[in-house]
There are 4 protein chains.
Amino acid sequence: MANVGTPDRPGNPDDGLGDGLGDGAGEPEPNSAWLSDLELADIRRRLPLLYVEAVPVRVDGLGVVTSVGVLLRANDVGQITRTLVSGRVMYGETLRDALFRHLEKDLGPMAFPQLPPSPVPFQVAEYFPIPGLSAFVDERQHAVSLAYVVPVTGTCEPRQDALELTWMTPAEASSPEVHAEMEGGRGTLLRAALASVGVLG
Amino acid sequence: MANVGTPDRPGNPDDGLGDGLGDGAGEPEPNSAWLSDLELADIRRRLPLLYVEAVPVRVDGLGVVTSVGVLLRANDVGQITRTLVSGRVMYGETLRDALFRHLEKDLGPMAFPQLPPSPVPFQVAEYFPIPGLSAFVDERQHAVSLAYVVPVTGTCEPRQDALELTWMTPAEASSPEVHAEMEGGRGTLLRAALASVGVLG
Amino acid sequence: MANVGTPDRPGNPDDGLGDGLGDGAGEPEPNSAWLSDLELADIRRRLPLLYVEAVPVRVDGLGVVTSVGVLLRANDVGQITRTLVSGRVMYGETLRDALFRHLEKDLGPMAFPQLPPSPVPFQVAEYFPIPGLSAFVDERQHAVSLAYVVPVTGTCEPRQDALELTWMTPAEASSPEVHAEMEGGRGTLLRAALASVGVLG
Amino acid sequence: MANVGTPDRPGNPDDGLGDGLGDGAGEPEPNSAWLSDLELADIRRRLPLLYVEAVPVRVDGLGVVTSVGVLLRANDVGQITRTLVSGRVMYGETLRDALFRHLEKDLGPMAFPQLPPSPVPFQVAEYFPIPGLSAFVDERQHAVSLAYVVPVTGTCEPRQDALELTWMTPAEASSPEVHAEMEGGRGTLLRAALASVGVLG
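Nothing here was measured: the structure is a model prediction, and the numbers come from that model. (Residues numbered from 1 in each chain as written. Chains lettered and ligands numbered in written order. Predicted model: local features only at pLDDT ≥ 70, side-chain atom pairs only at ≥ 80, totals over all residues. Heavy atoms only, no water.)

## With respect to the environment of Val55 of chain C
Residues and elements named next belong to chain C. With respect to the helices and strands, Val55 occurs in strand E1 (residues 49-59). Residue class for Val55 comes out buried when judged on its relative accessible area of 3%. For Val55 and Leu71, which are 16 residues apart along the polypeptide, the C-alpha to C-alpha distance reads 9.6 Å. With near-sequence residues (within four places) excluded, Val55 lies in contact with Val68, Leu84, Phe122, Tyr148, Val149, Val150, Leu190 and Ala193. (Helix = DSSP H or I, 4+ residues; strand = E, 2+ residues; numbered from the N terminus. Buried < 20%, exposed > 50% of the residue type's maximum accessible area, 1.4 Å probe, protein only. Contact = heavy atoms within 4.5 Å.)

Below you can see the structure in the form of structure tokens.
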């Protein structure tokens, strides 16, 4: 089943709060921001949810992207798939807070991401529960995701349910093979990321 | 009271559905997308809402922005203020559908807007119910708004509660006077719009 | 021989002046702006030349790109290749003037292009006479090209040396076949164009 | 006299080569790239010259711009004016090479700039020798400048003819006072830079 971010687990993993309250950095007021699974499921039928996504990259001394990081994981039905860093924006948090929080959730606390000065994403990805409305599908919800290319300068240790973070060259990341392995249509988003930084073949 | 879009009235005016169901163009499945005032008020305390905003402009034959349109209206406490075209993205509708629907809601059916080919906004404005977190305030909610500059080629007849649509030169739109009259911090957003099309002084 | 724009002919075709002075729309002061072949050849060894390029597209009523136009032509050695609308920026002309002038030169006077309000290109392509410095090659010169996606609303009649203007779907334009047929590395630029407007697969 | 970058001195200071050949980092092939004053003056009447410009900024841990750096200098007629980091792109060098070279020329070798991953500028500024064609004037030439916001993480020691590098808050940098002190219309460019990173008031 294609879905945004990590698979559903107790504690709303897309919220980046782990198994309960208080595990994520910068967690907002729990009373209003924390949604039970039941509440989240109901909300997911009523309105679009706001997400942020990130393509982690390595850059050289002149800012040229040399490597692209893609998460490898097993989805709900046991398939090995690839995905990007992503997660929901909580009530009361800024986009930057959310981006930083999910980067730490998915890549560990030693990744040292350099969030871009501009809040404008390289692409806005619209996920619908029904295929055909856009290039992106998420059977659980209608989600609108602001996507960013984020240089990381430290050490990445994928957490949660990721099997590994695979570093690829831009050429490898552009390939049809990787495109086919990406969840939910994210091959399209990854290519748009590479194009935005001038390294798509 | 500063707020996003038009003031609260029955039928969730920010949804662009007028006083009841079925008035807006491209209205999605009413059962899931339509939120009662009570439901909307509850949701507004729990998660951020997604909005689209537009700065209507006139362009010349070479695409240069020559006029900027700003809505003039009376807010809830009787002040005359200025604002932009805006409204909520409903469950199941694309950003383009929402943008088109709100442009028609605020400018009438003869405006003939030319939506930009790229879905990337010129700015992402984050409205919080508490001042200080960002440049934008909306006492009712946490809203994240994707803002676009949209050339209009037809005739605009502001509807709903707007007193008029004021066409200004870019210089007038950049002025401190207009900046001070804009609701919710939108003077900042208007200036960013002008800067993005190269006409901010 | 891969090269930018149309092949070399008397009157500096990349300048869009046809076979002599005064054929292009918006032609600047001939005394200073017109360069003889000898002068142009010398300048081409001494400093980078500024170009504008355009990907003509058709859009639907909501601004979604539905077709992409690519020029088909025979290059200097008789190969059939594909390229984009392009040409040099002359002394004293604005980027918009240059863009409009080259669009008219390559697509005819009935194309009715809608130049974007923002002067920021979707990509900046750097062409070098030696491969390897970037994705783009032009054996004649070092050229830096500002590239734009431009909706056209009229009728296109390719002029100069183009055999035809081929309208393709975004999927066709993204294909490896078309990628391989583009001159000077422009397959990369075309893909970046499609990505910027959200239609790259 | 308003002009782009530093005032004219032997060795074409806008080229960033100091008083002679070989002082700048990454200097290209001298035989073709180095232009004598006479040659440069002639070329400046015949075609547009390509420049890069940078607004140095400090960012916090979440990427938010907290300070903006503006160069203070005395121009040719003894006026104290403000300007940005800028300089010409030489034959055979990439935009990144030029940007890095001019940042080092104007801010010293310990500034440690973080060039953005994307080559797309926040604005393209067109300077003409005659006022009125655009917001920017350079009496010496027609120059087209690609402008970037560049975070710097080290220590800046302004070199060449700058009196100092003034660090300002975004609010100070947006002020009418600073706007009026900027050379060649660059107040407009500085405001566009602030708007692009969401800190223009």
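## With respect to the interface of chain B and chain A
Contact residues are listed per partner, giving 35 residues for chain B and 35 residues for chain A. Buried surface at the junction of chain B and chain A, summed over both partners, amounts to about 2800 Å²; 64% is from carbon and sulfur atoms. There are two salt bridges connecting chain B and chain A. For Glu39 of chain A, the salt bridge identified is with Arg46 of chain B, shortest N-O distance 3.2 Å. Here chain B is connected to chain A by six residue pairs in polar contact (both at pLDDT 80 or more). The set of elements that each furnish at least two residues to the side of chain B that touches chain A consists of helix H1 (30-33), helix H2 (37-43), strand E1 (49-59), strand E5 (123-128) and strand E7 (143-151) of chain B. It is E5 of chain B that contributes the most residues to the side of chain B that touches chain A, four residues altogether. Here the residues of the side of chain B that touches chain A are counted per class, giving 22 nonpolar, six polar and seven charged. (Buried area = accessible area lost by both parts, 1.4 Å probe. Salt bridge = Lys/Arg side-chain N within 4 Å of Asp/Glu carboxyl O. Polar contact = N/O pair within 3.5 Å; in protein donor to acceptor, adjacent residues only side chain to side chain. Nonpolar A, V, L, I, M, F, W, Y, C, P; charged D, E, K, R; others polar.)

## Looking at the relation of the copies chain D and chain A
Put simply, the two copies of the chain differ by a rotation about an axis and a shift along that axis. When chain D is brought onto chain A, the operation consists of a screw motion whose angular component is 180° and whose axial shift is 0.0 Å, with 0.0 Å RMSD remaining. Overall, the copies show the geometry of a two-fold rotation axis. Within chain D, the C-alpha atom positioned nearest to the axis of rotation is that of Pro116 of chain D, 4.1 Å from it. When the interface residues of chain D are mapped onto chain A, 100% of them again fall at the interface, so both copies present the same face. (Least-squares fit on C-alpha atoms with pLDDT ≥ 70 in both.)

## Describing the relation of the copies chain B and chain A
Once turned by 180° and shifted 0.0 Å along the axis, chain B lies on chain A with an RMSD of 0.0 Å. The residues that chain B uses at the interface reappear at the interface of chain A in 100% of cases, marking a shared surface.

## Description of the pairing of E1 of chain C
Residue and element names in this part refer to chain C. In terms of burial, E1 is largely enclosed, as nine of its 11 residues are buried. As defined by bridge partners, E1 adjoins strand E7 (residues 143-151) across nine bridges and the pair is classed as parallel. Bridging from a neighbouring strand, Leu49 pairs with Ala143 of E7. Two strands pair when backbone bridges link them, and E1 and strand E4 (residues 85-88) are joined in this way by four bridges, in the antiparallel orientation. If you follow Tyr51 over to E4, its bridge partner there is Arg88. Summarising the sheet, E1 and strand E2 (residues 65-74) pair through three bridges and their orientation is antiparallel. Across the sheet, residue Val57 finds its bridge partner in E2, namely Val68. Two successive antiparallel strands, E1 and E2, enclose a turn made up of five residues, where Gly63 displays a positive phi of approximately 85°. (Pairing = 2+ DSSP bridges.)

## Comments concerning helix H6 (residues 186-196) of chain A
Residues and elements named next belong to chain A. Most of H6 is tucked away, with 10 of its 11 residues classed as buried. Considered for burial, the residues of H6 that qualify are Arg186, Gly187, Thr188, Leu189, Leu190, Arg191, Ala192, Ala193, Leu194 and Ala195. Backbone geometry just downstream of H6 places Gly198 in the positive-phi region, at approximately 75°.

## So, helix H3 (residues 95-107) of chain C
Residue and element names in this part refer to chain C. With 13 residues, H3 should cover 18 Å at 1.5 Å per step; its first-to-last C-alpha distance of 18 Å lies within 8% of that length. Burial analysis of H3 places 10 of its 13 residues in the buried class, the great majority of the element. Within the sequence span of H3, burial applies to Leu95, Arg96, Ala98, Leu99, Arg101, His102, Leu103, Lys105, Asp106 and Leu107. Where H3 terminates, the next one or two residues include Gly108, which has phi positive at roughly 90°. (Expected span 1.5 Å × (residues − 1).)

## Comments concerning the packing of aromatic side chains
Residues and elements named next belong to chain B. In total, this model carries four aromatic pairs over all chains according to the counting rule given. Taking 5.2 Å as the distance between ring centres and 45° as the angle between the ring planes, the aromatic pair formed by Tyr127 and Phe136 counts as tilted. When sorted by exposure, Tyr127 lands in the same class as Phe136, which is buried. (Phe/Tyr/Trp six-rings, centres within 6.5 Å; stacked < 30°, edge-to-face > 60°.)

## Re the interface of chain D and chain A
With 18 residues of chain D at the interface, the matching set in chain A holds 18 residues. Roughly 1300 Å² is buried in total at the junction of chain D and chain A, and carbon and sulfur atoms are behind 62% of that figure. The three residues of chain D that bury the most area against chain A are Leu62, Arg96 and Pro117 of chain D, which together make up 41% of that side's buried surface. On inspection of chain D and its partner chain A, the count reaches zero salt bridges. Between the two partners, chain D and chain A, sit four residue pairs in polar contact (both at pLDDT 80 or more). It is helix H3 (residues 95-107) of chain D that provides the largest number of residues to the side of chain D that touches chain A, a total of three residues.

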